[in-house]
Amino acid sequence: MRRLALLLLPGLFMAAALTAAPAKKASIGVVAPDLDAQLRKFKKVEMPFTFESLSARQRKEIEELIAASRDLENIYWRQSD
């Protein structure tokens, strides 16, 4: 009997989770009523980058840093959702 209960228990939890009402997402209100005006305060700046002056090793290091930063960003967004 105890074994049967242990076998059925995970199924009961799964069924309860599937039939439970979905959680409501929090609605995001207005961040700032004058957001457009605040954004216009900042000047758009171009920041060009070239690999020309870097050695092959430095280029590889930059590429690795870029890949790592993308991975960190993906992890951040997965955790914040």
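Here, the structure is the one placed above.
Source: prediction; values computed, not measured. (Residues numbered from 1 in each chain as written. Predicted model: local features only at pLDDT ≥ 70, side-chain atom pairs only at ≥ 80, totals over all residues. Heavy atoms only, no water.)

Teacher, can you tell me more about the overall build of the chain here?
Summing up its helical and strand segments, the chain has 3 helices and 0 strands in all. For the chain, the succession of helices and strands along the chain, N to C, is α-α-α. Buried residues in the chain amount to 1% of all 81 residues. When the accessible surface of the chain is summed, it comes to about 8,700 Å², and 62% of that surface belongs to carbon and sulfur atoms. (Helix = DSSP H or I, 4+ residues; strand = E, 2+ residues; numbered from the N terminus. Buried < 20%, exposed > 50% of the residue type's maximum accessible area, 1.4 Å probe, protein only. Areas by Shrake-Rupley, 256 points an atom, 1.4 Å probe, with all protein chains shown as cover.)

Mind showing me how you'd approach the packing of aromatic side chains here?
The geometry of an aromatic ring pair comes down to the distance between the two centres and the angle between the two planes. With the rule as written, the count across this model stands at 2 aromatic pairs. Both rings, one in Phe49 and one in Phe51, keep their centres 5.2 Å apart while their planes meet at 85°; by these two values the pair is edge-to-face. Given the relative accessible area of 53%, Phe49 is considered exposed. Residue classification places Phe51 among the partly exposed residues on the basis of a relative accessible area of 29%. Note on Tyr76 and Trp77: the rings are 5.0 Å apart at their centroids and 75° apart in plane angle, and the pair reads as edge-to-face. Look at Tyr76 and you get partly exposed, because its relative accessible area is 49%. (Phe/Tyr/Trp six-rings, centres within 6.5 Å; stacked < 30°, edge-to-face > 60°.)

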